[in-house]
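# Overview (structure and organization)
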Amino acid sequence: MSAIDLRGKLIAFEGLDACGKSTQERRLIRRLDEAGYDVVSTVEPGGTTIGDAARAIVLSKPGAYHAMIPFSELLLFMISRAQNTHEVIRPAMEAGKTVIVSRYRMSSEAYQGYGRGMDLDLIRTLNDHATENLHPDLTFFINVPAETAVRRKKSEHDRIEIEALAFHERVRHGFLELVAQDPHAVVIDGDRPPEQIEEDVARYLQL
Ligand code: TYD
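Residues numbered from 1 in each chain as written. Predicted model: local features only at pLDDT ≥ 70, side-chain atom pairs only at ≥ 80, totals over all residues. Heavy atoms only, no water.

Turning to the site of the ligand, a few remarks are in order. Taken together, 13 residues are adjacent to the ligand, and Asp 17, Lys 21, Arg 55, Arg 103 and Ser 108 come closest. Here an oxygen atom of the ligand and a side-chain polar atom of Asp 17 are 2.7 Å apart. Gln 112 places a polar side-chain atom, nitrogen or oxygen, 2.8 Å from a nitrogen atom of the ligand. Elements with a contribution of two residues or more to the shell around the ligand: helix H3 (70-94) and helix H4 (105-115). Per-element tally for the shell around the ligand: the top contributor is H4, with four residues. Broken down by class, the residue content of the shell around the ligand amounts to four nonpolar, three polar and six charged. (Near = heavy atom within 4 Å. Polar contact = N/O pair within 3.5 Å; in protein donor to acceptor, adjacent residues only side chain to side chain. Helix = DSSP H or I, 4+ residues; strand = E, 2+ residues; numbered from the N terminus. Nonpolar A, V, L, I, M, F, W, Y, C, P; charged D, E, K, R; others polar.)

The buried fraction of strand E3 (residues 98-102) amounts to five of the five residues, a majority that puts the element mostly inside the structure. Side chains of E3 alternate between two faces, with Thr 98, Ile 100 and Ser 102 and Val 99 and Val 101 buried alike. Taken together, the four bridges between strand E1 (residues 10-15) and E3 define a ladder with parallel strand orientation. Its bridge partner lying in E3, Phe 13 is registered against Ser 102. As defined by bridge partners, strand E2 (residues 39-43) adjoins E3 across five bridges and the pair is classed as parallel. Considered in E3, the bridge of Ser 41 is made with Ile 100. (Buried < 20%, exposed > 50% of the residue type's maximum accessible area, 1.4 Å probe, protein only. Pairing = 2+ DSSP bridges.)

Take the side chain of Asn 84 next. Note on placement: Asn 84 falls in helix H3. Given the relative accessible area of 0%, Asn 84 is considered buried. Those residues within four positions of Asn 84 in sequence are excluded, and the remaining contacts are Thr 42, Val 43, Glu 44, Gly 46, Gly 47, Thr 48, Ile 89 and Val 101. (Contact = heavy atoms within 4.5 Å.)

The interhelical angle for the contact between H3 and helix H5 (residues 120-130), taken along N-to-C directions, is 25°, at an axis separation of 9 Å. As far as their axial angle goes, H5 and H3 are roughly parallel. Judged by the twist between their axes, the crossing of H3 over H5 is right-handed. Every residue of H5 that contacts H3 at Phe 71, Leu 74, Leu 75, Met 78, Arg 81, Ala 82 and Thr 85 is listed here: Leu 122, Ile 123, Leu 126, Asn 127 and Ala 130. Considered class by class, the residues forming the contact of H3 with H5 number nine nonpolar, two polar and one charged. (Axes fitted to C-alpha atoms, helices over the stretch in contact; angles between N-to-C directions. Parallel < 35°, antiparallel > 145°, perpendicular 65-115°, else oblique. Left-handed = near helix turned anticlockwise from the far one by under 90°.)

Turning next to the packing of aromatic side chains. Evaluation of the coordinates by the stated rule reveals five aromatic pairs. For the ring pair Tyr 111 and Phe 167, a centre distance of 6.3 Å and an interplane angle of 50° mean the geometry is tilted. Here the residue Tyr 111 occupies a position in helix H4, and Phe 167 occupies one in helix H7 (residues 165-181), the gap between them amounting to 56 residues. Classification of Phe 167 by relative accessible area gives buried; the value is 2%. With a centroid separation of 4.8 Å and an interplanar angle of 25°, the aromatic rings of Phe 141 and Phe 175 are classed as stacked. Separated by 34 residues along the polypeptide, Phe 141 in strand E4 (residues 138-143) and Phe 175 in helix H7 bring together distant segments of the chain. Clustering of aromatic rings is evident, with ring pairs tying together Tyr 111, Phe 141, Phe 167 and Phe 175. (Phe/Tyr/Trp six-rings, centres within 6.5 Å; stacked < 30°, edge-to-face > 60°.)

See the structure below:
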């Protein structure tokens, strides 16, 4: 075990698309495993049957659900979060597992709030309901320039990825503001080799 007891704790990764989150999640999971923790990892949107159904709609190819308005988009992310929290995250935490979640409440505030311009108070209220007032014990924001995120993404784009650079810049600025207001969140410089990023993450967790 590490110097901090990470059993029953929730660790979230946040960042722009293709910021290198999934590599860091994998590396952290391996280190936690080696340190003797029982780890559960999950993603948003997704993680449950209902969450996967919401994901298929909200992250469809552009055009498939062209009528979707921002409010519906927000609610689809909330459906996924509510189910994931209730079915996966809380039970795992209660069983003493260490939970890693790829995106959580901060993504809705950054993307739908700062990106789409939706009311942040409304998003926070919905987040509180969807998470049953759960906040991550620590959130890592993997910070890369918006250009890097847009450039790195190679596969076919979904409804959010298709947005212009200016959208991703607003989202990044939002993340930075949100992290600055959150004592349980830190910025990790994602514009470096993965090994260095991994060391930073491990250091915060005293692993
Ligand atoms: P995903 O395919 O999971 O990729 P990654 O997390 O590796 O970028 O993409 C999730 C997308 O959904 C991403 O563009 C951010 C967006 N999103 C929101 O807009 N709001 C949210 O609340 C969440 C959880 C995700």
